[in-house]
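Architecture at a glance
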Amino acid sequence: MRFAPLLLLPGGLALLAGLDAALTLAGVPAPAGSARLASLHGSLMVLGFLGTVIALERAVALRRPWGLLAPGLLGAGALALVLLPDPLLGRLLLAQGMLVLVLVYAVLWRRNEDPTVAVQALGAVLAVGAALLLTRVPVADVLLLLVGFVVLTIAAERVELARLAMPPGAGGRLVALAVPLAAASLATLLWPVWGGRATAVLLLALTAWLLRHDVARRTIHATGLPRFAAAALLAGYAWLLLAGLLLLVVGRPEGTVYDVVVHAVFLGYAMSMVLAHAPVILPAVLRVRLPYSGWMWAPLVLLHATLLVRVAAALLSGTVSAPTGTVATWTGAAAGNVAALLLFVLTAVGTALVAARRPARPTSRTLSRTPEGP
């Protein structure tokens with residue numbers, strides 16, 4: 001397991017390629033500027049990057065060498081998408097990686113039959129289906145499967161990490177919300193509009209329940225890491241509520257609403273959650289120290305500020321391709337989203353390098369496992 005952190009490198013490449021694709025889609029000059037990569041933007045960001053990070057964290061928790069097959073296959077799939085002209089092999093590798101992740105969750109669940117692990121496994125099953133379907137259909141057709149994967153995975157990890165702050169029976173309540181949410185997302189494959197609205201109702205219910213019980217509502221009044229994490233968490237929930245409301249209205253998102261829903265979920269919610277948990281999760285996975293730094297606020301604020309401008313410009317223009325003044329604003333905000341994520345990577349690397357030169361301070365319990373942690 002000592003070489004496990006190296007498996008994060010392909011995920012990092014997927015992130016960089018996905019950000020390059022985002023710039024191309026926004027009409028901004030990009031280092032590669034590849035139309036082929038632009039068509040793979042969603043797969044690279046959700047399955048290539050987020051999938052690899054999630055699978056690596058779970059493989060480390062499993063503590064069995066075969067578990068590293070999941071992030072390994074996902075990373076290989078991301079590399080294949082970036083390097084090969086035909087995306088088929090890459091998509092199949094992504095599907096295989098997610099399938100192995102399902103097996104990792106199954107073994108983790110057998111250890112203590114934790115409902116949160118079962119919910120994460122359910123999310124991974126949705127990702128397997130999405131990865132396989134992407135060999136035949138566009139990403140818009142499987143959007144809510146990918147949403148289900150990300151939302152269920154992160155929601156379950158929130159309940160797992162903040163278990164002491166959750167009410168009794170939180171795991172069972174999470175399962176009761178997760179199963180119909182997964183079923184509704186699958187229903188969108190046959191009934192896109194009504195399946196989308198059913199998904200929206202359950203998405204709003206899950207988000208409201210998490211928001212009501214998450215310890216972030218208290219730790220936002222703290223200082224340091226707890227306050228930073230709480231701000232990121234609460235902002236993420238707000239974006240998820242917006243995505244759910246828009247889905248409820250339209251059922252099947254298209255045009256401007258599609259852009260808003262996609263980025264509210266995967267940028268506003270998912271990436272904000274990554275920022276919130278990075279100081280706790282990354283040290284456990286990478287075996288490096290990543291202490292909280294006030295500089296971490298810069299990418300967090302930039303991410304949400306530029307996303308807010310992007311969403312407002314998109315909704316005001318009526319379409320992200322309309323030749324109006326708001327389109328230029330939308331384009332600049334999209335570039336700002338990319339800058340925010342790159343700034344976070346640089347901040348994390350810089351903080352880790354500085355921490356490596358300083359003696360470690362003795363710590364007590366892990367912050368994320370206490371009611372006052374992130």
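What counts, and at which threshold
Residues numbered from 1 in each chain as written. Predicted model: local features only at pLDDT ≥ 70, side-chain atom pairs only at ≥ 80, totals over all residues. Heavy atoms only, no water. Helix = DSSP H or I, 4+ residues; strand = E, 2+ residues; numbered from the N terminus. Rg over C-alpha atoms; globule rule 2.2 N^0.38 Å. Phe/Tyr/Trp six-rings, centres within 6.5 Å; stacked < 30°, edge-to-face > 60°. Buried < 20%, exposed > 50% of the residue type's maximum accessible area, 1.4 Å probe, protein only. Salt bridge = Lys/Arg side-chain N within 4 Å of Asp/Glu carboxyl O. Expected span 1.5 Å × (residues − 1).

Re the overall build of the protein
- For the protein, the count of helices and strands is 14 helices and zero strands.
- Overall, the protein shows an N-to-C arrangement of helices and strands of α-α-α-α-α-α-α-α-α-α-α-α-α-α.
- The C-alpha atoms of the protein give a radius of gyration of 19 Å, which matches the 21 Å a tight globule of 374 residues would have.
- Its C-alpha atoms give the protein principal-axis dimensions of roughly 55 × 45 × 40 Å.

Considering the packing of aromatic side chains
- In the structure shown here, the tally under the stated rule is two aromatic pairs.
- Ring geometry for Phe228 and Tyr292: centres 6.0 Å apart, planes at 50 degrees, overall tilted. A residue pair is termed long-range when its members are at least 10 positions apart, and Phe228 in helix α11 (residues 224–250) and Tyr292 in the loop between α12 (255–286) and α13 (297–317) qualify at 64 residues.
- Exposure remark for Tyr292: the relative accessible area of 30% places this residue in the partly exposed category.
- Seen in terms of ring centroids, Phe228 and Trp297 are 5.5 Å apart; in terms of plane orientation they differ by 80 degrees. Their pairing is edge-to-face. Separated by 69 residues along the polypeptide, Phe228 in helix α11 and Trp297 in helix α13 bring together distant segments of the chain.
- Residue classification places Phe228 among the buried positions, given a relative accessible area of 0%.
- What makes Trp297 partly exposed here is its relative accessible area of 28%.
- Put simply, the rings of Phe228, Tyr292 and Trp297 touch in pairs and so form one group of aromatic residues.

Examining the pattern of salt bridges
- Across all of its chains, the model carries six salt bridges by this definition.
- In this structure, Glu160 engages Arg58 in a salt bridge whose closest nitrogen and oxygen atoms are separated by 3.8 Å. Of this pair, Glu160 sits in helix α7 (residues 143–161) while Arg58 sits in helix α3 (residues 41–62), placing them 102 residues apart in sequence.
- Judged by its relative accessible area of 15%, Glu160 falls in the buried class.
- The salt bridge involving Arg252 is made with Asp141; its shortest N-O contact spans 3.0 Å. Highlighted residues: Arg252 in the loop between α11 and α12 and Asp141 in the loop between α6 (115–133) and α7, separated in sequence by 111 residues.

Some points on helix α1 (residues 8–25)
- With 18 residues, α1 ought to run about 26 Å at 1.5 Å a step, and its terminal C-alpha atoms sit 25 Å apart, in line with that.
- Once α1 finishes, Gly27 follows within two positions and takes phi at roughly 80 degrees, a positive value.

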